[in-house]
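Overview (structure and organization)
Chain residues, written in single-letter form:
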Amino acid sequence: MSFPLRREPEPPLVAPAAPRAYRCGCGRQVFFRNSTCTACGTPLGFVASRVTLLPLEPAEDKDTWRALGDVATSVYRRCGNFLTPAGCNWLIEDDDSRPRSVLCVACRLNRTIPDLSRAENQRLWMRMEQAKRRLVSQLIGLGLPVRSKREDPSQGLAYDFLRSAPGRPPVMTGHRLGVITINIEEADDAVRERTREEMGEPYRTLLGHFRHEVGHYYWDRLVAGTPWHQPCREIFGDEREDYGAALTANYRNGPPADWRRCFVSAYASMHPWEDWAETWAHYLHMRDTIDTAVSFGIVARHLDVAAQPYGPSDLWDGGDPNGGAFLQLLHSWIDITGVMNEMSSAMGLQDFYPFVLPRRAVAKLHFIHRLVSQAGSLSTPSAVAGAELYGEQRRHT
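Residues numbered from 1 in each chain as written. Predicted model: local features only at pLDDT ≥ 70, side-chain atom pairs only at ≥ 80, totals over all residues. Heavy atoms only, no water.

**Structural notes on empty space enclosed by the protein**
Enumeration according to the criterion identifies 1 cavity of 30 Å³ or more in this entry. Every residue along the wall of the largest cavity is listed here: Trp-219, Cys-232, Arg-233, Phe-236, Gly-237, Glu-239, Pro-272, Trp-273 and Trp-276. Among the secondary structure elements, those contributing two or more residues to the lining of the largest cavity are helix H4 (229-236) and helix H6 (272-295). Of the residues contributing to the lining of the largest cavity, the split by class is 6 nonpolar, 1 polar and 2 charged. (1 Å grid on protein atoms, 1.4 Å probe; cavity = no way out; pocket = protein on both sides within 12 Å on 5 of 7 lines; lining within 4 Å. Points joined across faces, edges and corners; volume = space filled by probe spheres on them. Helix = DSSP H or I, 4+ residues; strand = E, 2+ residues; numbered from the N terminus. Nonpolar A, V, L, I, M, F, W, Y, C, P; charged D, E, K, R; others polar.)

This is the structure we're talking about:
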């Protein structure tokens, strides 16, 4: 039985949380990273509260913008990182009830940026910011709380983009108390590929690092000390297990021989925290891929539900009234990635998706789906619209 991909006018089962297809006022296709339409030169900007890329025209005040052809819409300003190597195309929405912000909601998350006096750091930082903006736009689209440490010192999020220096301890990518540190050398394709080979990882990307580490942050934010905590332990394991001992055992002995029966990756088998973060990243991969496919009119059509590999018995909560929607989401993902793997083969590349999901991992993905759905339903626009004045980003030297 085949599962063809086709263009369909009817709405998808799950609307995109973060739509990825955009049009300029001239009708041409424009993309998430663009700040100008390459066809007509119209300025473009991403509006976080609307989770969309807009064509722009000048507003009344200097250096302000409106959506093209809509004089009644909000007034926007460019992010302070627009003219830096970060090349940020996000917009800031003016609000007289709070101080004027210098940076957009994504750039306000930066606590430390690389030393930009080094040309190579400029290139690597640009790649870091492109991946981070993709992540943050998805988090906002899903309705998850996204606030900086400056706005919310106890529960906010911050990024330190650092680089190892001779004679100093190496910079380790990781998360602690809402601060995510990422070694900017992960943005160097050659370095990352060498590490991927050395670590035996079939899938290692910069965006994957961002999604994994923010999973640790959301465990602290959405799971720890909440009614979700005990169920999370029951399915992922007890996070109080000695992390240092687990790390040592993993690097000494490698993953268990049967890790593919329970986990989305070998690294996930190391400790419950890593299982959570790897599965969280996998869920974000899945949702963004489907959002992108649906946004461009690529819809997976299931011809025979009975032939699909997973059913209600594979869910974390078999009684979930929306379990069928999650299963269709999952099966759409499988259909789309199957075609993408063939497309990769056609170009002589490694598989787009080199995984087979075990049933126990499906239950974990369903748990995260339920958690994200609840968090999103409780979120309000103020979670991304609120801001305080945020000065210059501290530079790492």
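**Things to note about the confidence of the model for the chain**
For the chain, the average pLDDT comes to 87, and 85% of its residues sit at 70 or higher. Scored below 50 in pLDDT, residues 1-12 makes 29 contacts in the model with residues more than four places away or belonging to other chains. Here residues 380-392 scores under 50 on pLDDT; set against residues more than four positions off or in separate chains, the count is 34 contacts. (pLDDT = per-residue confidence, 0-100. Contact = heavy atoms within 4.5 Å.)

**Quick notes on the environment of Leu-330**
Relative to the helices and strands, Leu-330 is located in helix H7 (residues 323-346). We classify Leu-330 as buried; its relative accessible area is 0%. Linking Leu-330 and Tyr-283, residues 47 residues apart in sequence, is a C-alpha distance of 9.7 Å. (Buried < 20%, exposed > 50% of the residue type's maximum accessible area, 1.4 Å probe, protein only.)

**As for the packing of aromatic side chains**
For the coordinates displayed, the defined rule picks out 17 aromatic pairs. Following the ring pairs from residue to residue traces out a cluster consisting of Tyr-217, Tyr-218, Trp-228, Phe-236, Trp-276, Trp-280, Trp-316 and Phe-367. One Lys or Arg, Arg-20, reaches over the ring of Phe-32 and ends 5.0 Å from the middle of that ring. The ring of Phe-82 carries the charged tip of Arg-78 above its face, separated from the ring centre by 4.3 Å. (Phe/Tyr/Trp six-rings, centres within 6.5 Å; stacked < 30°, edge-to-face > 60°. Lys NZ or Arg CZ within 6 Å of the ring centre and 35° of its normal.)

**Focus: the packing of H6 against H7**
At a minimum axis separation of 10 Å, H6 and H7 run at an interaxial angle of 75 degrees. Classified by the angle between their axes, H6 and H7 sit roughly perpendicular to one another. Facing H6, whose interface residues are His-285, Met-286, Arg-287, Thr-289, Ile-290 and Ala-293, H7 presents Phe-326, Leu-329, Leu-330, Trp-333 and Ile-336. Here the residues of the contact of H6 with H7 sort into 8 nonpolar, 2 polar and 1 charged. (Axes fitted to C-alpha atoms, helices over the stretch in contact; angles between N-to-C directions. Parallel < 35°, antiparallel > 145°, perpendicular 65-115°, else oblique.)

**Observations concerning the pattern of salt bridges**
All told, the structure shown has 18 salt bridges when counted by the stated rule. Among the ionic pairs, Glu-60 bridges to Arg-66, the shortest N-O distance being 3.0 Å. Accessibility expressed as a relative area gives 65% for Glu-60, which makes it exposed. Here Arg-66 falls in the buried class, since its relative accessible area comes to 13%. Between Asp-317 and Arg-370 there is a salt bridge whose closest N-O contact spans 2.8 Å. Of this pair, Asp-317 sits in the loop between strand E13 (298-300) and H7 while Arg-370 sits in helix H8 (residues 359-378), and the two are 53 residues apart along the sequence. Taken together, the salt bridges that share partners define one network made up of Arg-20, Arg-134, Arg-211 and Asp-288. (Salt bridge = Lys/Arg side-chain N within 4 Å of Asp/Glu carboxyl O.)

**Quick look at the pairing of strand E10 (residues 158-162)**
A regular strand places its side chains on the two faces of the sheet in alternate fashion. Where burial is concerned, most of E10 is hidden: 5 out of the 5 residues are buried. Side chains of E10 alternate between two faces, with Ala-158, Asp-160 and Leu-162 and Tyr-159 and Phe-161 buried alike. As for the winding sense of the linkage, the β-α-β connection from strand E9 (residues 110-113) through helix H1 (residues 119-141) to E10 is left-handed. Looking at chain direction, E10 and strand E12 (residues 179-183) are connected through 5 bridges and run parallel. Its bridge partner being in E12, Leu-162 is matched across the sheet by Asn-183. (Right-handed = clockwise from strand over helix to strand, strands pointing away. Pairing = 2+ DSSP bridges.)

**Some words on the pairing of E12**
Across the 5 residues of E12, 5 count as buried, placing the element largely inside the fold. Burial along E12 is two-sided: the face carrying Val-179, Thr-181 and Asn-183 and the face carrying Ile-180 and Ile-182 are both buried. Note: strand E11 (residues 174-176) against E12, 3 bridges, orientation antiparallel. By the bridge assignment, Arg-176 is partnered in E12 with Val-179. Joining the antiparallel neighbours E11 and E12 is a turn of 2 residues, in which Leu-177 adopts a positive phi near 55 degrees.

**Quick word on H1**
Residues separated by three or four positions in an α-helix point in the same direction, a consequence of the helix having 3.6 residues per turn. In this model, H1 (23 residues) spans 34 Å end to end at C-alpha, consistent with the 33 Å of a helix rising 1.5 Å per residue. Directly after H1, the chain includes Gly-143, whose backbone phi takes a positive value near 80 degrees. (Expected span 1.5 Å × (residues − 1).)

**Remarks on the nonpolar core**
Residues Trp-90, Tyr-159, Val-214, Trp-276, Trp-280 and Leu-357 are the most contacted members of the largest nonpolar core, which totals 86 residues. With 9 residues, the single largest contributor to this core is H8. The next biggest cluster of nonpolar side chains, apart from the first, holds 7 residues, and it includes Val-47, Leu-54, Trp-65 and Ala-67. (Core = buried A, V, L, I, M, F, W, Y, C linked by side-chain atoms within 4.5 Å.)

**Looking at unusual backbone geometry**
In this structure, Asp-63 is a non-glycine residue whose phi angle is positive, near 60 degrees. With respect to the secondary-structure elements, Asp-63 resides in the loop between strand E5 (52-58) and strand E6 (65-67). By relative accessible area, Asp-63 is classed as exposed at 55%. One non-glycine residue, Leu-177, lies in positive phi territory at about 55 degrees. As for its position among the elements, Leu-177 is in the loop between E11 and E12. Taking relative accessible area as the criterion, Leu-177 reaches 61% and is therefore assigned exposed.

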